[in-house]
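Topology and contacts: notes
Listed below, chain by chain, are the residues.
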Amino acid sequence: KNSGYDAWNDMEYLEQMEEQSKTRQMALGAIGIVSFIVAAIGIANTMMMSIYERTKEIGILRAIGASKRNVSSMFNAETMIVGFAAGLLGVLVTYLLCIPINAILKAATGLANLRAILPIGAALILIAISVLLTLFSGLIPSRSAAKKDPVVALRTE
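What comes next is a walk through the structure. (Residues numbered from 1 in each chain as written. Predicted model: local features only at pLDDT ≥ 70, side-chain atom pairs only at ≥ 80, totals over all residues. Heavy atoms only, no water.)

**Focus: the nonpolar core**
For clarity, the threshold we go by: Here the nonpolar core consists of buried residues drawn from Ala, Val, Leu, Ile, Met, Phe, Trp, Tyr and Cys, with membership extended through side-chain atoms lying within 4.5 Å. In this scheme, a residue with accessible area under 20% of its type's maximum is buried, one over 50% is exposed, and one in between is partly exposed, where area comes from a 1.4 Å probe on protein chains only. Numbering of helices and strands runs from the N terminus; a helix is a DSSP stretch of H or I covering at least four residues, while a strand is a stretch of E covering at least two. Contacts: residue pairs with any heavy atoms within 4.5 Å of one another.
Listed in full, the eight residues of the largest apolar core are M47, I51, I58, A66, V71, F75, A145 and A146. For this core, the secondary-structure elements that each account for two or more residues are α1 (7-53), α3 (68-109) and α4 (120-146). Filtering out sequence-adjacent residues up to four positions away, A146 remains in contact with R62, K68, V71 and S72.

**Considering the layout of surface pockets**
Rule in force here: In this analysis the probe radius is 1.4 Å and the grid spacing 1 Å, with only protein atoms considered; a cavity is a set of points the probe fits into but cannot get out of, a pocket is an open set with protein on both sides within 12 Å along at least five of seven lines, and lining residues have an atom within 4 Å of a point. Grid points are joined across faces, edges and corners, and a volume is the space filled by probe spheres set on the points.
Of the pockets and cavities examined, the largest pocket occupies roughly 260 Å³. In this structure, the largest pocket is lined by F36, A86, G87, G90, V91, T94, L126, I129 and S130. Secondary-structure elements contributing two or more residues to the lining of the largest pocket are α3 and α4. Ranked by the residues each element gives to the lining of the largest pocket, the list is headed by α3, at five residues.

**Brief notes about helix α2 (residues 55-63)**
Inclusion rule: Comment: arc refers to directions from the helix axis out to C-beta atoms.
Along α2, the positions that sit buried rather than exposed are T55, I58, G59 and R62. Down the axis of α2, the buried set is contained in an arc of 100°. They therefore lie on one face. G65 sits one or two positions beyond α2 and adopts a positive phi of about 115°.

**As for the packing of α2 against α3**
Our working definition: For helices, the fitted axis covers only the stretch in contact; all axes are lines through C-alpha atoms, and the angles between them, taken along N-to-C directions, range from 0 to 180 degrees. For classification, angles of less than 35 degrees are called roughly parallel, those exceeding 145 degrees roughly antiparallel, those between 65 and 115 degrees roughly perpendicular, and all remaining angles oblique. Note on convention: the crossing is left-handed when the near helix lies turned anticlockwise from the far helix by less than a right angle, right-handed when the turn is clockwise. In this classification, the charged set is Asp, Glu, Lys and Arg, the nonpolar set is Ala, Val, Leu, Ile, Met, Phe, Trp, Tyr, Cys and Pro, and all remaining amino acids, among them Gly, are polar.
Running from N to C, α2 and α3 cross one another at 140°; their axes reach a closest spacing of 9 Å. Here α3 runs oblique to α2, going by the angle between their axes. Judged by the sense of rotation from one axis to the other, the crossing of α2 with α3 is right-handed. Together, E57, I58, L61 and R62 of α2 and K68, V71, M74 and F75 of α3 make up the contact between the two elements. For the contact of α2 with α3, a count of residues per class yields five nonpolar, no polar and three charged.

**Structural notes on the pattern of salt bridges**
Applicable threshold: Here, a salt bridge means any side-chain nitrogen of Lys or Arg that lies within 4 Å of a carboxyl oxygen of Asp or Glu.
For the structure on display, the rule yields two salt bridges. Note that R54 is salt-bridged to E57, the shortest N-O span being 3.2 Å. Exposure remark for E57: the relative accessible area of 34% places this residue in the partly exposed category. Here E78 ties to R54 by a salt bridge, and the two come within 2.8 Å at their closest N and O atoms. With E78 in helix α3 and R54 in the loop between α1 and α2, this residue pair connects regions lying 24 residues apart in the sequence. Accessibility expressed as a relative area gives 26% for E78, which makes it partly exposed. Residues participating in the shared-partner salt-bridge network are R54, E57 and E78.

**Here we look at a nonpolar patch on the surface**
Our working rule: For patches, a residue must show more than 30% relative accessible area and have no salt bridge; joins then use 9 Å for like charges and 5 Å for nonpolar side chains, namely Val, Leu, Ile, Met, Phe, Trp and Tyr. For accessible areas, the Shrake-Rupley method is used with a probe of radius 1.4 Å. Any residue's cover is judged against the shown protein chains and nothing else.
Together, M11, Y13, L14 and M17 make up an exposed nonpolar region whose accessible area comes to about 410 Å². Turning to its location among the elements, M17 is positioned in helix α1.

Written out as C-alpha cells, the structure reads:
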C-alpha cells in the first residue's frame, strides 16, 4: 500500500535547503569582509586627518621630550577608545533593536519561542573585534605621527 509519502523527496528538499543556506552564509560573509575593509580604510583616513590637524600638538609633545613611542602610543590608545565606544554602541543598538524585532516576529508568527537575541559572549567578541579593527587601522597613521620632525611640526599652522 502506497500512502504517497516519499522519504527521498524530503531528503532532496532538505539538501536543497542546506545548499541555499550555505550560499546565503557565504554571501553574508563576503559582505562582512567588504564591510571590514571599508571600515578599516575609513578609520585610517580619519586618523590621518586627525594627525594632520594635530601636527603642531605632535611637535610640542616631541619638543618637550615625548619619544616617538609615546606619540605613537597616544594615537593607538585613542583608536582603541574609539573602537571600544563604537563596538559598545553597536551592541547597545542591537539589543535595543531586538525589542521591536521580537514583537514583530511574535505578531507575525504567533510563536513566543522565536526570538532575535545577541548572546553576551557574542557581544563581547564583537566589541573586541571592533577594538582590534580600529587598532589595526590606526597603526600606520600613529607611526607616521611618531616620525614627524618636531621642528617641522612646530612650524606648521
